[in-house]
Amino acid sequence: MKFGAQVTCYRNTWDSIRKVAETLDAGPWDSIYFADHYLPPPGRKEEEHLTAHEGFTVAAAVAGFTETLRIGHLVLGNTYRNPGLTAKMAGTVDHISHGRFVLGIGAAWFHREHVAYGWTFPSMKERQDRFEEAVELLRRLFHEPSPVTYQGNYYSLDDAPLSPGSYDKPIPILVGGTGERRTLRTLARHGDVMNLDGWSGGPMSKEYLHHKVGVLNKHCEDAGRDPGEISHSVLMPTMVTDDKAAAAQFMANRRLGEGTAAGPKNYVIDRIGEIIDAGAHEIMIGGIPTDDVEQYELVAEEVLSAFG
């Protein structure tokens, strides 16, 4: 069983991010993931001046001083970068980390930051169309040793090499999102890792996971893909505390529901255990502030240790 952490890039300092990454790298953690936004979500006007570190730059920096952690994003927004640029950045970080990079990507949703920085924010349909082209293009660049030519409706490549490309094996593509008609179909055709996001408010239960995996497997069947090639991961906002009021505040402040594991140690272990028993291959812990290294250490000692 693998455990990772989603570490925030917002409302904090680089030094605090670095300290958490060093703590995770020295502990029983398998991975570290960052988000990819240019304004602190969820988009309150009064918070727009607060720090929002650029996620890909942070990943590259962390790759340079860690030794064991897989490094990725939950998730990159496809609309922020041409996918050829995304592939080039991914190949570079994969080499910096000696093969520890995971490309996590989604169609993008945060309208306000597109307006703030002058980026086009297409319709949902167009974002999904662009996303499917981008993931197909990225997979080809990561897997094919020769230069790639690609002609889509939105993106094109003309005999484009990816150098540096994947370090030793093709960079895995994690697809963020649970849309059953388009996102999971894109994953079935071109991705390697499914990620269900507890921040989205979904009922993170074994029934929910089984349903989404069932939809994914049907798309795999339609695409002629072995569903066993795709692993399943779950991001769970987590807080270990015996303080009922603190757990309630944690959930209320983030408008969270059943996607969380906030409460006493045994409750958190049971919640995570339920998802593991349902077939998840990796659990990402989210919601711990970067200035609370003790909480990361507590989760490692009291929760991760329960799963050997």
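Residues numbered from 1 in each chain as written. Predicted model: local features only at pLDDT ≥ 70, side-chain atom pairs only at ≥ 80, totals over all residues. Heavy atoms only, no water.

Caption draft 1: Representation of the overall build of the protein. If you tally the helices and strands in the protein, you get 10 helices and 12 strands. Against the globule reference of 19 Å for 308 residues, the protein gives a C-alpha radius of gyration of 19 Å, in line with a compact fold. Principal axes of the C-alpha set define a box for the protein whose edges measure 60 × 45 × 40 Å. Per-residue burial for the protein yields a buried fraction of 53% across its 308 residues. (Helix = DSSP H or I, 4+ residues; strand = E, 2+ residues; numbered from the N terminus. Rg over C-alpha atoms; globule rule 2.2 N^0.38 Å. Buried < 20%, exposed > 50% of the residue type's maximum accessible area, 1.4 Å probe, protein only.)

Caption draft 2: Spotlight on the packing of aromatic side chains. Scanning the entire structure with this criterion turns up 10 aromatic pairs. Ring centres 5.7 Å apart and planes at 40° place the aromatic pair Phe3 and Phe307 in the tilted group. Taken as a pair, Phe3 in strand β1 (residues 2-6) and Phe307 in the segment after α10 (293-302) lie far apart in primary sequence, 304 residues in all. Given the relative accessible area of 26%, Phe307 is considered partly exposed. Taken together, the aromatic side chains of Tyr38, Tyr80, Tyr117 and Trp119 make up a single cluster linked through ring pairs. (Phe/Tyr/Trp six-rings, centres within 6.5 Å; stacked < 30°, edge-to-face > 60°.)

Caption draft 3: Broad picture of a negative patch on the surface. A contiguous patch of negative charge, built from Asp291, Glu294, Glu297 and Glu301, is present on the exposed surface. Under the relative-accessibility criterion, Glu294 is labelled exposed at 53%. (Patch = residues over 30% accessible without salt bridge, like charges linked within 9 Å, V, L, I, M, F, W, Y side chains within 5 Å. Areas by Shrake-Rupley, 256 points an atom, 1.4 Å probe, with all protein chains shown as cover. Salt bridge = Lys/Arg side-chain N within 4 Å of Asp/Glu carboxyl O. Lys, Arg positive; Asp, Glu negative; His and termini not counted. Charge placed at Lys NZ, Arg CZ, Asp CG, Glu CD.)

Caption draft 4: Spotlight on the pairing of strand β7 (residues 156-160). Sheet analysis places strand β6 (residues 148-151) next to β7, joined by three bridges and oriented antiparallel. Each residue of the ladder has a partner; that of Tyr150, found in β7, is Leu157. The hairpin formed by β6 and β7 contains four residues between the paired strands. (Pairing = 2+ DSSP bridges.)

Caption draft 5: How the structure looks around the pattern of salt bridges. For the structure shown, the criterion picks out 23 salt bridges. Salt-bridge contacts for Asp129 lead to Arg182; the nearest nitrogen and oxygen are separated by 2.9 Å. Taken together, the positions of Asp129 in helix α5 (residues 124-143) and Arg182 in the loop between β8 (173-176) and α6 (183-190) put the pair 53 residues apart, joining distant regions of the chain. The residue Lys169 makes a salt bridge to Asp168 at a minimum N-O spacing of 3.9 Å.

Caption draft 6: View of unusual backbone geometry. Note the cis peptide between Pro41 and Pro42, where omega equals 15°. Mapped onto the secondary structure, Pro42 falls in the loop between β2 (31-34) and α2 (55-65). Residue Leu74 is joined to Val75 through a cis peptide bond whose omega torsion reads -15°. Structurally, Val75 is set in the loop between β3 (70-73) and β4 (76-77). The backbone phi angle of Ala108 is positive, close to 85°, even though this residue is not glycine. As for its placement among the helices and strands, Ala108 is situated in the loop between β5 (103-106) and α4 (111-117). Of the residues examined, Ala108 reaches a relative accessible area of 13% and is grouped as buried.

Caption draft 7: Inspection of α2 at higher detail. Within α2, burial applies to Gly55, Phe56, Val58, Ala59, Val62, Ala63 and Phe65. In this structure, the buried residues of α2 make contact with α1 (14-26), β2, β3, β4 and α3 (83-96). Capping of α2 at its N-terminal end is provided by Glu54; its side-chain oxygen lies 3.2 Å from the backbone amide nitrogen of Phe56. (Contact = heavy atoms within 4.5 Å. Polar contact = N/O pair within 3.5 Å; in protein donor to acceptor, adjacent residues only side chain to side chain.)

Caption draft 8: Broad picture of the nonpolar core. One finds Trp29 and Ile283 to be the most contacted residues of the largest nonpolar core, which totals 78 residues. No other element matches the seven residues that α5 contributes to this core. Once residues lying within four places of it in the same chain are set aside, the contact partners of Trp29 are Phe3, Gly4, Ala5, Leu24, Leu69, Ile285, Tyr296, Val299, Ala300 and Leu304. In this structure, Leu174, Val193, Leu235 and Met284 belong to the second largest nonpolar core, which totals seven residues. (Core = buried A, V, L, I, M, F, W, Y, C linked by side-chain atoms within 4.5 Å.)

Caption draft 9: Broad picture of the packing of α1 against α2. Direction vectors running N to C along α1 and α2 enclose 45°, while the axes themselves pass 11 Å from each other. Here α1 is positioned oblique relative to α2, judged by the angle of their axes. Of the two elements, α1 crosses α2, and the hand of that crossing is right-handed. Note on element contacts: α2 touches α1 through Val58, Ala61, Val62 and Phe65, opposite Trp14, Ile17, Arg18, Ala21, Glu22 and Asp25. Within the contact of α1 with α2, the residues separate by chemical class into seven nonpolar, no polar and three charged. (Axes fitted to C-alpha atoms, helices over the stretch in contact; angles between N-to-C directions. Parallel < 35°, antiparallel > 145°, perpendicular 65-115°, else oblique. Left-handed = near helix turned anticlockwise from the far one by under 90°. Nonpolar A, V, L, I, M, F, W, Y, C, P; charged D, E, K, R; others polar.)

By themselves, these observations are geometric and do not establish any function.
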